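Given next are the chains, with one letter for each unit.
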Amino acid sequence: MSTRRTVLKGLGAGALVTTGLTLTGGSSAQAAPTGDEILLDSYAGTDDQKLTAALAAAKASSPRLPIRLAARSHTFSQTRTTFSGLRILGPNTGWQNPEISGTSGALPQCTVTLNCGNGASSWLVGTATTYDITVSGICFKSSNGVTQFYHHPYSAGTSYATRLDTLTFLGFKHVLGTPADPFAATLNTWAGDWTLVGVQDTQFSLRGSDNWFGPSSMNYGWAGANGGKYLMRFSNVSKTSVRNLYLTARGGSRAILVEGPASQQGGLDFSDCVIEGQNANDPAMGALIVVKGGGASFTNTKLNFGMARPSDFTDQSDTGLIMVQGGTAVFTNTWTNRATATAESVPVVAVSGGQAYVSTVLGMGGNWSSKPKAVRTGGALVTDATVTAA
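Residues numbered from 1 in each chain as written. Predicted model: local features only at pLDDT ≥ 70, side-chain atom pairs only at ≥ 80, totals over all residues. Heavy atoms only, no water.

Further remarks concern the overall build of the protein chain. The helix and strand inventory of the protein chain stands at 2 helices and 33 strands. Considering the protein chain as a whole, with its 390 residues, one finds that 55% of them fall into the buried category. Partitioning the intrachain contacts of the protein chain with sequence separation of at least 6 by distance along the chain shows that 75% fall at a separation of at least 24. (Helix = DSSP H or I, 4+ residues; strand = E, 2+ residues; numbered from the N terminus. Buried < 20%, exposed > 50% of the residue type's maximum accessible area, 1.4 Å probe, protein only. Contact = heavy atoms within 4.5 Å.)

Structure below.
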């Protein structure tokens, strides 16, 4: 079996075939799909015209056939309504980072530039409950700084069993959901290697349950005076695993917000993540993690370089690298480094509401004369002997 054939099998698609459909816009009719995938470039016309035809062929196929993009640059401008079984695949999977020169030689690059808006004008939009959508092996770029990749609001149902694998996003306003209207996810899976760079706003705003947001790796950073916006917002997310994130919140950005109602079932479990400012001299100015409600645990967290100048913020008063204002939060095995501008007296955990359980917090970097600090001004705080509680 050839290397190419092996790669396709690994992506769940088989032999290359010529596929076709009559295009709107004057292109000639071509043969209907007869194999086990649909090649975008088997159609004529612009990239949007090709995708219109390929989507129609995929929706008409039974069982659903995946759409295969080419190892080239594509440009799409039309908003697309998702449907169950939709699969859009690059020619292979592998790490891509358009910020770093020379990576184009590592594998055939599949880039997609999106000229879309956000919310209901995003590239992919869910208007009803869908099942089994997959997007894999593509480097997405926004041409305008306002593009959103995929929007599926709770008012439209939920996106069940969506799988997103080895994706790159450059210059996006949002990737999944908006802060005002989070992406509704159930049984979703993130896999492979992810990169998010040049971001313009919060990339992930999520709600739902029973998800596995655990890529092999995710490198995602944001710098700038953005008023304390978050890299990721988890709004009423429960019974969900989140792991292997490397989040860099520099300057005015914060990393993670967790919020949810009292009836939330808990089980939002973060593990093996790095959550930090850039470095000791290029830190985050305020808090890195804020828990306002729901139930979340953070295990094996590298928590570094925050709270350097919290007076920058006017939306709230940041009082610790981790702030618990409501809900229930568990923190265990936390490794923390101080920014150069952050005094040792600044709490690692500050509790003003809800409940926080804190154990095994280790001050790293050689600039600790005592143990990291946890403070309570409201709510409940339970600690072990590795922190100084006040």
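Still more to cover.
Right, let's talk about the packing of aromatic side chains for a bit. If you walk through the whole model with that rule in mind, you get 19 aromatic pairs. For the ring pair Phe270 and Phe298, a centre distance of 4.4 Å and an interplane angle of 0° mean the geometry is stacked. With Phe270 in strand β24 (residues 268–276) and Phe298 in strand β26 (residues 295–304), this pair connects stretches of sequence that are 28 residues apart. One cation-aromatic arrangement involves Arg254 over Phe313; the distance from NZ or CZ to the ring centre is 4.5 Å. Above the plane of the ring of Trp368 lies Arg338, whose end atom (NZ or CZ) is 5.6 Å from the centre. (Phe/Tyr/Trp six-rings, centres within 6.5 Å; stacked < 30°, edge-to-face > 60°. Lys NZ or Arg CZ within 6 Å of the ring centre and 35° of its normal.)

Attention now moves to the pattern of salt bridges. Summed over the entire model, instances satisfying the criterion amount to 14 salt bridges. Of the charged contacts in the structure, one is a salt bridge between Arg254 and Asp315, with a shortest N-O distance of 2.9 Å. Of this pair, Arg254 sits in strand β23 (residues 254–259) while Asp315 sits in the loop between β26 and β27 (322–324), placing them 61 residues apart in sequence. In this structure Asp315 comes out as partly exposed when scored by relative accessible area, which is 47%. A salt bridge links Arg254 to Asp318; its shortest N-O distance comes to 3.0 Å. With Arg254 in strand β23 and Asp318 in the loop between β26 and β27, this pair connects stretches of sequence that are 64 residues apart. Each member of the pair, Arg254 as well as Asp318, carries the same accessibility label: buried. Through salt bridges that share partners, Asp41, Asp47, Lys50 and Arg72 make up one connected network. (Salt bridge = Lys/Arg side-chain N within 4 Å of Asp/Glu carboxyl O.)

With that settled, consider empty space enclosed by the protein. Evaluated as defined, the whole model comprises 1 cavity of 30 Å³ or more. Here the largest cavity defines a volume of roughly 60 Å³. Lining the largest cavity are Gly306, Leu321, Thr336, Asn337, Arg338, Ala339, Thr342, Ala343, Glu344, Val346, Val348 and Trp368. In terms of residue class, the lining of the largest cavity is built from 6 nonpolar, 4 polar and 2 charged. (1 Å grid on protein atoms, 1.4 Å probe; cavity = no way out; pocket = protein on both sides within 12 Å on 5 of 7 lines; lining within 4 Å. Points joined across faces, edges and corners; volume = space filled by probe spheres on them. Nonpolar A, V, L, I, M, F, W, Y, C, P; charged D, E, K, R; others polar.)

Before going further, it helps to examine helix α2 (residues 47–60). For α2, which comprises 14 residues, the first-to-last C-alpha distance of 20 Å matches the rise-based estimate of 20 Å (1.5 Å per residue) to within 8%. Here α2 has its buried residues at Asp47, Asp48, Lys50, Leu51, Ala53, Ala54, Leu55, Ala57 and Ala58. Those residues of α2 that are buried lie in contact with β1 (38–39), β2 (67–68), β3 (73–76) and β4 (80–81). (Expected span 1.5 Å × (residues − 1).)

So, about the side chain of Arg68. By the element assignment, Arg68 lies in strand β2. Residue Arg68 is classed as buried on the basis of its relative accessible area, which comes to 2%. A distance of 3.0 Å separates the side chain of Arg68 from the side chain of Glu37, its partner in a polar contact. Within the local environment of Arg68, its side chain forms a polar contact with the backbone oxygen of Gly90, the two atoms lying 2.6 Å apart. (Polar contact = N/O pair within 3.5 Å; in protein donor to acceptor, adjacent residues only side chain to side chain.)

Let's shift gears to the nonpolar core. Counting 85 residues, the largest nonpolar core has Trp123, Phe140, Phe149, Leu176, Trp190, Phe204 and Phe234 as its most contacted members. Ranked by residues supplied to this core, first place goes to α2 with 6 residues. Among residues more than four places away in sequence, those in contact with Trp190 are Leu164, Leu176, Phe204, Leu206, Trp212, Phe213, Gly214, Pro215, Met218 and Met232. Judged by nonpolar contacts, the second largest core, of 5 residues, contains Tyr230, Leu257, Ala287 and Met323. (Core = buried A, V, L, I, M, F, W, Y, C linked by side-chain atoms within 4.5 Å.)

Judged by side-chain polarity, Val330, Tyr357 and Val382 come together as a nonpolar surface patch covering roughly 220 Å² of accessible area. With respect to the helices and strands, Val382 occurs in strand β32 (residues 380–383). Exposure remark for Val382: the relative accessible area of 42% places this residue in the partly exposed category. (Patch = residues over 30% accessible without salt bridge, like charges linked within 9 Å, V, L, I, M, F, W, Y side chains within 5 Å. Areas by Shrake-Rupley, 256 points an atom, 1.4 Å probe, with all protein chains shown as cover.)

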